[in-house]
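Structural overview for review
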Amino acid sequence: SGSQAGRTRRVNCTIRALQLKQQRDKLKQYQKRITLNLERERSVARQLLRDGKKEKAKLLLKKKRYQEQLLDKTENQISNLERMVQDIEFTQIEMKVIEGLKIGNECLNKMHEVMSIEEVERIIDETQDAVEYQRQIDEMLAGSFTEEDEDAILEELNAITQFLSSTEASPVKIRAKPELVAAS
């Protein structure tokens, strides 16, 4: 349900951002119309002055001035809308980052539940102990065997390996020959 609420908030933010962008675009279109209208009225005012219609030219210039003020307000409104869109988009990014951090935190907590720090340290200690024990055995055995002993060890290792691979290949039990058992 928390995930659903977060998704709903994101959708609402996206819709608001889209509405603000549409409003901004309409204001820009309005701004273009006013700008074109201002240019037209300026040339009409010049023509009225040439024709000696000073009062009509003055009235038209007042109207032009009012439209210029509207144009400034429109420009400010467009800037405000763009700031609001940026704020919404930034908030959406923040929400995604926070959601990512929350998921990462949940994963870490699950990992801690599965394996505590003490467990990890114990495993590391056991591994180090096993490595140290193997090193000690290697040191004790180093140099105490002749080349013949080494060959005999390798031969026995190969025999055991072959025996194991033959028993794994066929589940039938192999009996030792009586004369080999007696000889050993």
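Residues numbered from 1 in each chain as written. Predicted model: local features only at pLDDT ≥ 70, side-chain atom pairs only at ≥ 80, totals over all residues. Heavy atoms only, no water.

We count it as follows: UniProt positions are given in the numbering used here, feature names are shortened, and annotations may be inferred rather than shown by experiment.
Named according to an unreviewed UniProt entry, the chain is Charged multivesicular body protein 6 originating from Chelonoidis abingdonii. Here is the UniProt Subcellular location (unreviewed entry) comment for the chain, exactly as written: "Endosome membrane". Its UniProt record gives the chain the following Sequence similarities (unreviewed entry) comment, quoted word for word: "Belongs to the SNF7 family."

1. A short note on the overall build of the chain
Test applied: Secondary structure follows DSSP: runs of H or I at least 4 residues long count as helices, runs of E at least 2 residues long count as strands, and numbering of each begins at the N terminus. In this scheme, a residue with accessible area under 20% of its type's maximum is buried, one over 50% is exposed, and one in between is partly exposed, where area comes from a 1.4 Å probe on protein chains only. Every residue pair with non-hydrogen atoms within 4.5 Å of one another is taken to be in contact. Note on areas: Shrake-Rupley with a 1.4 Å probe; residue coverage comes only from the protein chains shown.
Helix and strand counts for the chain come out as 5 helices and 0 strands. With 184 residues in all, the chain has 13% of them scored as buried. A fraction of 75% describes how many contacts in the chain between residues 6 or more apart in sequence connect residues 24 or more apart. When the accessible surface of the chain is split by element, carbon and sulfur atoms take 57% of a total near 15700 Å².

2. Some remarks on the nonpolar core
Rule in force here: What makes a nonpolar core is a set of buried Ala, Val, Leu, Ile, Met, Phe, Trp, Tyr and Cys residues whose side-chain atoms join them at distances within 4.5 Å.
Cys13, Ala17, Leu20, Leu27, Ile78, Leu81, Val85 and Ile88 together form the largest nonpolar core, which totals 8 residues. Those residues in contact with Cys13 that sit more than four places away from it in its chain are Ile88 and Gln92.

3. Some remarks on a negative patch on the surface
Stated formally: Residues enter patches when their relative accessible area tops 30% and they take part in no salt bridge; the joining distance is 9 Å for like charges and 5 Å for the nonpolar side chains Val, Leu, Ile, Met, Phe, Trp and Tyr. For salt bridges, the criterion is a side-chain nitrogen of Lys or Arg within 4 Å of an Asp or Glu carboxyl oxygen. Think of it this way: Lys and Arg go in the positive column, Asp and Glu in the negative one, and His and the chain ends go nowhere. Charge placement uses NZ in Lys and CZ in Arg. For Asp and Glu, CG and CD serve respectively.
A grouping of Glu147, Glu148, Asp149, Glu150, Asp151 and Glu155 is seen on the molecular surface, where their side chains present a negatively charged patch. Position of Asp151 among the secondary structure elements: in helix α4 (residues 147–169). Exposure remark for Asp151: the relative accessible area of 44% places this residue in the partly exposed category.

4. Observations regarding the pattern of salt bridges
A pair can form between side chains of opposite charge whenever their charged atoms are brought close. Scanning all chains against the criterion turns up 9 salt bridges. When the shortest N-O distance is used, the salt bridge between Arg122 and Glu126 registers 2.4 Å. A residue pair is termed a helical-turn pair when its members lie 3 or 4 positions apart in one helix, as Arg122 and Glu126 do in helix α3 (residues 117–141) at 4 residues. Classification of Glu126 by relative accessible area gives partly exposed; the value is 44%. The network of salt bridges with shared partners includes Arg42, Lys64, Arg65 and Glu68.

5. Observations concerning the side chain of Arg24
With respect to the secondary-structure elements, Arg24 resides in helix α1 (residues 2–50). On the basis of relative accessible area, Arg24 is assigned to the buried category, the value being 18%.

6. Describing helix α2 (residues 54–114)
For clarity, the threshold we go by: Each helix should span, by expectation, one fewer than its residue count multiplied by 1.5 Å.
Taking 1.5 Å of rise per residue, 61 residues should cover 90 Å, and α2 covers 89 Å from first to last C-alpha, within 8% of that figure. By the burial criterion, the buried members of α2 are Ala57, Leu60, Lys64, Gln67, Leu71, Thr74, Ile78, Leu81, Val85, Ile88 and Gln92.

7. As for the confidence of the model for the chain
Test applied: pLDDT expresses, on a scale from 0 to 100, how confident the predictor is about each individual residue.
Averaged over every residue, the pLDDT of the chain is 82; the share at 70 or more is 89%. Taking the mean pLDDT of every element in the chain, the minimum, 49, falls on helix α5 (residues 178–183) and the maximum, 87, on α2. Here residues 180–184 is modelled with pLDDT under 50, and outside its nearest four sequence neighbours on either side it reaches 1 contact, counting other chains as well.

8. Remarks on the environment of Arg10
Within the secondary structure layout, Arg10 lies in helix α1. For the pair Arg10 and Gln92, spaced 82 residues apart in sequence, the C-alpha to C-alpha distance is 6.6 Å.

9. Notes on the environment of Arg83
As for its placement among the helices and strands, Arg83 is situated in helix α2. The spatial distance from the C-alpha of Arg83 to the C-alpha of Leu20 is 10.0 Å, given a sequence separation of 63 residues.

10. Comments concerning a nonpolar patch on the surface
A cluster of nonpolar side chains, Val114, Met115, Val120, Ile123 and Ile124, forms an exposed patch at the surface whose accessible area comes to about 420 Å². Per-element tally for the nonpolar patch: the top contributor is α3, with 3 residues. Here Ile124 lies in helix α3.

11. Some points on the side chain of Thr74
Worth spelling out the cut-off: Under this definition, polar contacts are N or O atom pairs within 3.5 Å; protein pairs additionally need one hydrogen-donor-capable and one acceptor-capable atom, and for neighbouring residues in sequence, both atoms have to be side-chain atoms.
Mapping Thr74 onto the fold places it in helix α2. Of note is the side chain of Thr74, whose polar atom sits 2.7 Å from the backbone oxygen of Leu70. Once residues within four sequence positions are removed from consideration, Thr74 is found in contact with Leu27, Tyr30 and Gln31.

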